[in-house]
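# Per-entry structural report
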Amino acid sequence: MNDADLDRLLSEADPSHREAPRSLDPLVTTTHDRSTPRRITARVTRRLLVAGGALLLAGGLTASITADDYLLSVPPFVGLLAHEQRATEWIPFTPAAGEPDEGEACRLYPEFRNLTADQLRAIDITIREHDWTDISELAEQRAATSPTEAEAASAASLVVYDALADTVPGMTFRGGGDGPEFIGYSMTCRSDLG
Amino acid sequence: MTMTRDRAASDVVDALVRREAVALLRYFERRVLPIEDAADLVSETLLVIWRRIDALPSDEERARMWMFGIARRVLATHRRSSIRRAGLADRLRDELATSGHSAERDPRVDALDAAMALLDTRDQEIIRLVHWEGFTLRATAKLLRMREGTVRSRYSRARARLAASLSGL
């Protein structure tokens, strides 16, 4: 069978050539009426993922600790221990997986240990200038290819670390010790952050 | 003036969702048995879409991908467990049950179905998304969270296998 014949057969096999069921349109209206548009409720979902937490990722992997209704209106919203720092700049993040979070706009604030003020400023500049468009997809891909569940749960952290590592030479990924260290992030998700 | 613009935007979204509802229904019809389950799945998907309508991308292609991304997750949930039946889709279930099996099947389409079944499940999905849902290979790669190059090579290989399996037709 040649390419043209195969294309024709695939097209003929497409069930969508059939007429749309009459009861589909009323169903669209019903579901619309039953759902509560977020723009009307303007409910603010506040969610916290503590340092080291991960995002809702493919396969339902999650190591996050969520705390809805936690007061997160103004970062910093989580206490930091001595020698820990949080970036002032944030990374835009839209979860690509994990109902019901898909599509929700989030801000992700990387956190560190043992950074100097200059290093933290450099990190902020990198965060501001880096193109984070694909971070969600990259995190999901990394989770999907991770050999262990623990690594998969840290996929988003690893993607962020990879993007920031060159900014602070010698910075480890949760390596401990006295040197500069990436330890995770805090994240807040709200319906109006887009 | 703003209200007029908001209304216009709302109408655009409404038209888009209504148009894609058919494609979403077909998406599920091709992937679930019994076919009536597609009614519950599209109902669940529409509920999620309406709830998340503010997140709908303004670009039409991205909006379509966003909707099918939700459909994929609804389907995955369905495969892991049973989607809760809310009763919203009962009429559609009945309609699918009575119309879905009545059409006479072309034996060549049956042969294609059999050839598709021999493919790797991921390759089957690539063929369906490209030929039946109308996505480009690039969009298919994004939907499946795969590298574009990988999707291209798998698509090419899958087509070659289909053609070989169907060479007797």
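Heads up: these notes are all about the structure in this document. Note that the structure is predicted; figures quoted are calculated from it, not measured.

### A short note on the overall build of chain B
Helix and strand counts for chain B stand at eight helices and zero strands. Expressed as a percentage of its 169 residues, the buried residues of chain B come to 51%. Excluding contacts between residues fewer than 6 apart, the proportion of contacts in chain B whose partners are at least 24 apart in sequence is 69%.

### As for the overall build of chain A
Of regular secondary structure, chain A possesses seven helices and five strands. If you list the helices and strands of chain A from N to C, you get α-α-α-β-β-β-α-α-α-α-β-β. Relative to its full complement of 194 residues, chain A shows a buried share of 44%. Summarising the internal contacts of chain A: among those between residues at least 6 apart in sequence, 64% fall at separations of at least 24. In the structure as shown, chain A presents an accessible area of about 9,700 Å², 50% of it carried by carbon and sulfur atoms.

### Let's talk about the packing of helix α6 (residues 121–131) of chain B against helix α8 (residues 148–165) of chain B
Residues and elements named next belong to chain B. It is at 9 Å that the axes of α6 and α8 come closest, and there the two elements cross at 95°. What the angle tells us is that α6 and α8 run roughly perpendicular. In this structure, α6 contributes R122, D123, I126, I127, V130 and H131 to the contact, and α8 contributes V151, R154, Y155, R157, A158, R159 and L162. Residues belonging to the contact of α6 with α8 are distributed by class as follows: seven nonpolar, one polar and five charged.

### Examining the packing of aromatic side chains
Aromatic ring pairs: the centre-centre distance and the angle between the two ring planes describe each pair. Throughout the structure, instances matching the rule amount to seven aromatic pairs over all chains. Between Y27 of chain B and F68 of chain B, the ring centres sit 5.4 Å apart and the planes meet at 80°, which makes this aromatic pair edge-to-face. Placement of Y27 of chain B in helix α1 (residues 2–29) and of F68 of chain B in helix α3 (residues 60–80) is noted, with a sequence separation of 41 residues between them. Following the ring pairs from residue to residue traces out a cluster consisting of F112, Y161, F173 and F182 of chain A. Between R64 of chain B and the ring centre of F135 of chain B, over which it is positioned, the NZ or CZ distance is 4.6 Å.

### Digging into the pattern of salt bridges
Residue and element names in this part refer to chain B. Under the counting rule described, the total for this entry stands at 26 salt bridges over all chains. Between R19 and E20 there is a salt bridge whose closest N-O contact spans 3.4 Å. With a closest N to O distance of 3.1 Å, E125 and R31 form a salt bridge. Of this pair, E125 sits in helix α6 while R31 sits in the loop between α1 and α2 (37–51), placing them 94 residues apart in sequence. When sorted by exposure, E125 lands in the same class as R31, which is buried. Here the residues in one salt-bridge network are R30, R31, E125, R128 and E133, joined through shared partners.

### Some remarks on the pairing of strand β3 (residues 106–113) of chain A
All names here are of chain A. Extensive coverage of β3 is indicated by the burial of six of its eight residues. As defined by bridge partners, strand β2 (residues 91–93) adjoins β3 across three bridges and the pair is classed as antiparallel. Across the sheet, the residue bridging to P92 is R107, located in β3.

### A short note on the packing of helix α1 (residues 3–12) of chain A against α8 of chain B
In the contact formed by α1 of chain A and α8 of chain B, the axes pass within 10 Å of each other and the chain directions differ by 90°. By the angle class used here, α1 of chain A and α8 of chain B are roughly perpendicular. Across from D3, L6, D7 and L10 of chain A in α1 of chain A, the residues of α8 of chain B making contact are R159, L162 and A163 of chain B. Class assignment of the residues belonging to the contact of α1 of chain A with α8 of chain B gives a composition of four nonpolar, no polar and three charged.

### Points about unusual backbone geometry
All names here are of chain A. Of note, the phi angle at N114 is positive, near 65°, even though the residue is not glycine. When you line up the elements, N114 lands in the loop between β3 and α4 (117–129). Within the chain, R174 stands out as a residue other than glycine whose phi angle is a positive 50°. Mapped onto the fold, R174 is located in the loop between β4 (172–173) and β5 (181–189). Given a relative accessible area of 30%, R174 falls into the partly exposed group.

### Considerations on α8 of chain B
In this model, α8 of chain B (18 residues) spans 26 Å end to end at C-alpha, consistent with the 26 Å of a helix rising 1.5 Å per residue. Among all positions of α8 of chain B, only V151, R154, Y155, A158, R159, L162 and A163 of chain B are buried. Next to the buried residues of α8 of chain B lie α1 of chain A together with α5 (107–117), α6 and α7 (137–143) of chain B.

### Re the nonpolar core
Counting 61 residues, the largest nonpolar core has V17, F28 and V42 of chain B as its most contacted members. With nine residues, the top contributor of residues to this core is α3 of chain B. Residues I91, F93, L120 and Y185 of chain A belong to the second largest nonpolar core, which totals 24 residues.

### Structural notes on the side chain of R159 of chain B
Mapped onto the elements of the fold, R159 of chain B is located in helix α8. Looking at R159 of chain B, the relative accessible area reads 10%, which means it is buried. Within the local environment of R159 of chain B, its side chain forms a polar contact with the backbone oxygen of D3 of chain A, the two atoms lying 3.3 Å apart. Among the polar contacts listed, one links the side chain of R159 of chain B to the side chain of H131 of chain B, at a separation of 3.3 Å.

Criteria and cut-off values
- Residues numbered from 1 in each chain as written.
- Chains lettered and ligands numbered in written order.
- Predicted model: local features only at pLDDT ≥ 70, side-chain atom pairs only at ≥ 80, totals over all residues.
- Heavy atoms only, no water.
- Helix = DSSP H or I, 4+ residues; strand = E, 2+ residues; numbered from the N terminus.
- Buried < 20%, exposed > 50% of the residue type's maximum accessible area, 1.4 Å probe, protein only.
- Contact = heavy atoms within 4.5 Å.
- Areas by Shrake-Rupley, 256 points an atom, 1.4 Å probe, with all protein chains shown as cover.
- Axes fitted to C-alpha atoms, helices over the stretch in contact; angles between N-to-C directions.
- Parallel < 35°, antiparallel > 145°, perpendicular 65-115°, else oblique.
- Nonpolar A, V, L, I, M, F, W, Y, C, P; charged D, E, K, R; others polar.
- Phe/Tyr/Trp six-rings, centres within 6.5 Å; stacked < 30°, edge-to-face > 60°.
- Lys NZ or Arg CZ within 6 Å of the ring centre and 35° of its normal.
- Salt bridge = Lys/Arg side-chain N within 4 Å of Asp/Glu carboxyl O.
- Pairing = 2+ DSSP bridges.
- Expected span 1.5 Å × (residues − 1).
- Core = buried A, V, L, I, M, F, W, Y, C linked by side-chain atoms within 4.5 Å.
- Polar contact = N/O pair within 3.5 Å; in protein donor to acceptor, adjacent residues only side chain to side chain.

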